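# Tertiary structure, described
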Amino acid sequence: MSNVIIGGGYAGLFCAYQLSKDGINSSLYEKNEELGGLSRTFEKNGVKFDIGPHIYFNKDKEVTALWKQLLGENLVTRDRSNKIFYNGKYIHSPLKPFDAVSKLGLFTTTKVFLSFFYSKLFNKGYPTNSKEWVIQNFGEQLYQRFFKVYNEKIWGLPCEEITANWAGQRIKTSLFTMIKKSIVRDNNFIIKTFDYPIGGSQTLINAVESQLSTIGNCKLQKSATLVKVEVKDDIIVKLIFDVNGNTEVVHQPSNVISTISLKDFINTLNINVPTDVKKSLSNLVFRDLILVNLVCPNEEIMNFSEHWVDIHDPSVKALRVTNFGNYDCEMSAKNYSPITLEYNCFATDEITSMTDEEIYSLAISDLKKLKFIVNQNPKFDFSVVRLK
């Protein structure tokens, strides 16, 4: 009898760690060669890249205490610094009212407020999608500038196809509340500082893996793909994995904890899945992520002191650009900075069929539009990471 954890991202990894601390034996199976899932750290030419600009922030003291326990002095606090790129200008994020007015201009700011008051007076119906919800609560002008483009880049769907409930859960405030709390710099509204592991998220992953090795009651299997789940009388009786090309079978697992996608797990079941479940699974849509990691000489970067920039400008294809060197967490090499551009996409999108060199050219084109680089024809060392 055994406890099996499928997936070695943060969810599976910390599940194994908690079980180990409680003296409970387990086995963890991860399909990749490295643990960490979407929180891994990549290294190229001495600089380090995380998968996107994570921040470590949590109001749960038990969670933050666990990070500190695992990392000690390797967990440092940084002042948050990020901006929005829109219409060729950089605007503070979270929005600072006076900065936003100066960047948008008095005419556009007036349109924003008139649009807001118009929506409050005349948009009284029940919103059926996120576009209607945002317009009803913030006005058409703010919707067009600070919601539509960015969220459609993330999800690959028109905002008319994203539910109103989603918008309501994500934006739990009003325009005037946002302005008021931004002016007074309300600590409960604005995340002003965050924690980060020196060396990137891989430092935390390695710390957990080290603890699991020290405690000794969790078997870690990497390059281990779930092939089949056999079920009898509604009980999982057998798990079959491909581990580095070899078959490994777990008989009669006492507990199975799956952290992989629901679609991937159910597709391995040996039983007939109900029709309604199959239909729901077929409707599940997943976004891929393509990262362009650039090793940039410091003298060739300009206008980039932020940790990351969210790109709301439709002329730039990237969703976000991050300078991990600005985290000051030993991710840079001497005279070089790690810059990452993120592209969200579906498997059928044009970018997925592009070569690495073509994607690199797209990234350079975006950096030019962002006015981040000095040389108009740079030759950076780079890598393209494709995550599905």
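Residues numbered from 1 in each chain as written. Predicted model: local features only at pLDDT ≥ 70, side-chain atom pairs only at ≥ 80, totals over all residues. Heavy atoms only, no water.

### Remarks on the sheet that holds strand β9 (residues 218-221)
Applicable threshold: Strands qualify as paired when DSSP identifies two bridges or more between them. Each helix is a run of H or I in the DSSP string that is no shorter than four residues. Each strand is a run of E no shorter than two, and both are numbered from the N terminus. In this analysis an axis means a line fitted to C-alpha atoms, helices contributing only their contacting stretch, and an angle means the value between N-to-C directions, from 0 to 180 degrees. Should any heavy atoms of two residues lie within 4.5 Å, those residues are counted as being in contact.
Here 4 strands make up an open sheet; going across it, the order is β9-β2-β1-β13 and the pairing parallel. The sheet is open, and its two borders are formed by β9 and β13 (255-258), each paired with just one other strand. Strand-to-strand twist across the sheet, computed as the mean angle between neighbouring axes with direction ignored, equals 15°. The pairing of strand β1 (residues 3-6) with β13 spans 4 bridges and is parallel. In the sheet register, Asn3 faces β13, and the bridge partner there is Asn255. Packed on one face of the sheet, helix α1 (residues 10-21) meets β1, β2 (26-29), β9 and β13 and runs near 165° to β2.

### Things to note about the environment of Val4
The line we're drawing: The rule is simple: take the accessible area with a 1.4 Å probe, protein chains only, and divide by the maximum for that residue type; under 20% is buried, over 50% is exposed, in between is partly exposed.
Assignment of secondary structure puts Val4 in strand β1. The buried category is assigned to Val4, whose relative accessible area is 1%. When neighbours within four sequence positions are excluded, Val4 is seen to be in contact with Ser27, Tyr29, Leu239, Phe241, Val250, Pro253, Asn255, Val256 and Ile257.

### Looking at the pattern of salt bridges
As a reminder of what qualifies: Whenever a carboxyl oxygen of Asp or Glu lies within 4 Å of a side-chain nitrogen of Lys or Arg, that contact is scored as a salt bridge.
Counting across every chain of the model gives 12 salt bridges. Between Arg386 and Asp356 there is a salt bridge; the shortest N-O distance is 2.8 Å. Of this pair, Arg386 sits in strand β18 (residues 381-387) while Asp356 is found in helix α12 (residues 356-369), placing the two residues 30 residues apart along the sequence. One network of salt bridges, with partners in common, ties together Lys228, Glu230 and Lys238.

### Regarding the layout of surface pockets
Let me state the cut-off plainly: Method remark: on a 1 Å grid restricted to protein atoms, a set of points is classed as a cavity if a 1.4 Å probe fits but cannot get out and as a pocket if it is open with protein on both sides within 12 Å along at least five of seven lines; lining residues have an atom within 4 Å of a point. Grid points are joined across faces, edges and corners, and a volume is the space filled by probe spheres set on the points. Note on residue classes: Ala, Val, Leu, Ile, Met, Phe, Trp, Tyr, Cys and Pro are nonpolar, Asp, Glu, Lys and Arg are charged, and everything else, Gly too, is polar.
Space inside the second largest pocket adds up to approximately 330 Å³. Together, 15 residues line the second largest pocket, and Lys153, Lys317, Tyr343, Asn344 and Asp349 are the ones closest to its centre. Of all the secondary-structure elements, those providing two or more residues to the lining of the second largest pocket are α6 (140-155) and β17 (336-345). The biggest single contributor to the lining of the second largest pocket is β17, with 4 residues. Classifying every residue of the lining of the second largest pocket by side-chain character gives 9 nonpolar, 1 polar and 5 charged.

### Regarding the packing of α1 against helix α2 (residues 61-71)
How we decide: Angle categories: roughly parallel below 35 degrees, roughly antiparallel above 145, roughly perpendicular from 65 to 115, and oblique for all the rest.
Their axes nearest at 14 Å, the elements α1 and α2 cross at an angle of 80°. Looking at the two axes, α1 sits roughly perpendicular to α2. Every residue of α2 that contacts α1 at Phe14, Tyr17 and Lys21 is listed here: Leu66, Gln69 and Leu70. Looking at the contact of α1 with α2, its residues break down into 4 nonpolar, 1 polar and 1 charged.

### Considerations on α12
The condition is simple: Under the convention used throughout, the expected extent of a helix is 1.5 Å for every residue step, that is, one less than its residue count. Of all possible arcs, the one meant is that of the directions from the helix axis to the C-beta atoms.
Here α12 contains 14 residues, and its C-alpha end-to-end distance of 20 Å stays within 8% of the 20 Å for a straight helix at 1.5 Å per residue. All of the buried residues in α12 are Ile359, Tyr360, Ala363, Ile364, Asp366 and Leu367. For α12, the angular spread of buried residues about the axis comes to 160°, placing them on one side. Of the surrounding secondary structure, the elements contacted by the buried residues of α12 are β14 (288-297), β16 (320-323), β17 and β18. Just beyond α12, the residue with positive phi is Lys371, at close to 60°.

### Quick notes on the environment of Leu121
Positionally, Leu121 belongs in helix α4 (residues 106-122). Among the residues examined, Leu121 registers a relative accessible area of 59% and is labelled exposed. Sequence spacing of Leu121 and Gln136 is 15 residues, and the spatial spacing of their C-alpha atoms is 9.3 Å.

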